[in-house]
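# Overview (structure and organization)
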Amino acid sequence: MRFRAKIVDLACLNHFSRVINTIAKLAKTCTLRLTVSKLYFILSDKVANGGVSMWCELCQGNFFDEFQMEGVAAEHNEIYLELVPENLSRALKTAQAAKAVKIKLTNKHCPCLRVAVELPSLSSSSRIVTHDIPVGIIPRRLWNDFREPSVPDFDVSIYLPVLKTMKSVVERMKNLSNSIVIEANLSGEMNLKIETDLVSVTTHFKDLGNPPWASEDECQSSAQDRDLESMAEARIDIKKLQQLLAGQQVNPTKALCNIVSNRIVHFILLHEDVSLQYFIPALA
């Protein structure tokens, strides 16, 4: 099992850093899946136990100048590692003006991702700062636990409002309640609501638009027969929603959410070369 990669382009490095920062805010530990063409950051808390799950996908060619890997076996050319994304995020913070960053899977005392940051220096020799980030190697028999979560048959799919706006609304609401109701319909309307014994607050968003697949996709049968005005809703943990909005450093070009009534809210944030899916289960 071998893996090494190198980033020289500063813009790519900063972009990669932002992605890792976002992931570090969403997951204390996660699984890094490496394939020849892609990297995946996966969090699969069991949704049944009220945990969130995350699936973030990056095309390595858009970030790395060099990328070499040999997986566990020829027919399973992949590597699955468990890591603390905050450690990787910290290592990359030292790389903001770096000439190059090399990442390599090593195994001295324990398996580590070695991040070597080459910093510019005034003399001819360069300064290299090295971080060893401990990782766990996930054995082949457990890989099936980390498959892409299937998109549930949703009732409504809708584009999200500007995330900054949504974030400030949710931050104000979180002081009033632990849960928030997200409701939306197929006429581009979405409401964020909290209701407690003392207060009820609703923020309305209009003209958001609904993604085209809401009508095209045969498998989304429940969305097809819906009355356009009728709302699908789910009550979710407000902290989990706030975490998702507060962690965003990737500025998605498209952000949308799918609601399965009273079951789950599935967020999809798309950037040119990164896609992030985030599943928050509904509260009973």
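Source: prediction; values computed, not measured.

Broken down by element type, the chain carries six helices and 18 strands. Relative to the globule expectation of 19 Å for 284 residues, the C-alpha radius of gyration of the chain, 21 Å, shows essentially globular dimensions. Overall, the chain is about 65 × 45 × 35 Å in size when its C-alpha atoms are taken along their principal axes. Residues counted as buried form 48% of the 284 residues belonging to the chain. Put simply, of all contacts in the chain between residues at least 6 apart along the chain, 64% involve residues at least 24 apart. Just so you have it, the chain exposes about 14000 Å², and 49% of that area is on carbon and sulfur atoms. A gap of 11 Å separates the mean positions of the 32 positive and 32 negative side-chain charges of the chain.

Here we have four strands laid out as an open sheet, ordered 14-13-12-15, and antiparallel in their pairing. The open sheet terminates on both sides in strands that have one partner only, identified here as strand 14 (200-205) and strand 15 (232-237). Strand-to-strand, the axes of this sheet are offset by a mean angle of 20 degrees, without reference to chain direction. Where strand 12 (residues 179-184) lies against strand 15, six bridges are found, and the strand directions are antiparallel.

What follows concerns the environment of alanine 95. Along the chain, alanine 95 falls in the loop between helix 2 (85-93) and strand 7 (100-107). The spacing of alanine 95 and threonine 35 is 60 residues in sequence and 24 Å in space, taken between C-alpha atoms. Those residues in contact with alanine 95 that sit more than four places away from it in its chain are Leu13, Val101 and Val117.

So, on to the state of the cysteines. Tallied over the entire structure, the rule returns zero disulfides. Looking at the unpaired cysteine 56, the closest cysteine sulfur is the one in cysteine 30, lying at 9.1 Å.

Attention shifts here to helix 1 (residues 10-26). Along its 17 residues, helix 1 runs 25 Å from first to last C-alpha, staying within 8% of the 24 Å computed at 1.5 Å per residue. Every buried residue belonging to helix 1 is among Leu13, His15, Phe16, Ser17, Val19, Ile20, Asn21, Thr22, Ile23, Ala24 and Leu26, and all of these are buried. Its side-chain oxygen placed 3.1 Å from the backbone nitrogen of alanine 11, aspartate 9 serves as the N-cap of helix 1.

Attention shifts here to the pairing of strand 6 (residues 79-83). Of all five residues in strand 6, four are buried; the element is thus mostly enclosed. The pairing of strand 2 (residues 30-34) with strand 6 spans five bridges and is classified as antiparallel. Across the sheet, residue cysteine 30 finds its bridge partner in strand 6, namely leucine 83. Where strand 6 lies against strand 10 (residues 136-137), two bridges are found, and the strand directions are antiparallel. Among the inter-strand pairings, leucine 81 is bridged to a residue of strand 10, identified as isoleucine 137.

Thresholds, definitions, all that
- Residues numbered from 1 in each chain as written.
- Predicted model: local features only at pLDDT ≥ 70, side-chain atom pairs only at ≥ 80, totals over all residues.
- Heavy atoms only, no water.
- Helix = DSSP H or I, 4+ residues; strand = E, 2+ residues; numbered from the N terminus.
- Rg over C-alpha atoms; globule rule 2.2 N^0.38 Å.
- Buried < 20%, exposed > 50% of the residue type's maximum accessible area, 1.4 Å probe, protein only.
- Contact = heavy atoms within 4.5 Å.
- Areas by Shrake-Rupley, 256 points an atom, 1.4 Å probe, with all protein chains shown as cover.
- Lys, Arg positive; Asp, Glu negative; His and termini not counted.
- Charge placed at Lys NZ, Arg CZ, Asp CG, Glu CD.
- Pairing = 2+ DSSP bridges.
- Axes fitted to C-alpha atoms, helices over the stretch in contact; angles between N-to-C directions.
- Disulfide = S-S within 2.5 Å.
- Expected span 1.5 Å × (residues − 1).
- Polar contact = N/O pair within 3.5 Å; in protein donor to acceptor, adjacent residues only side chain to side chain.

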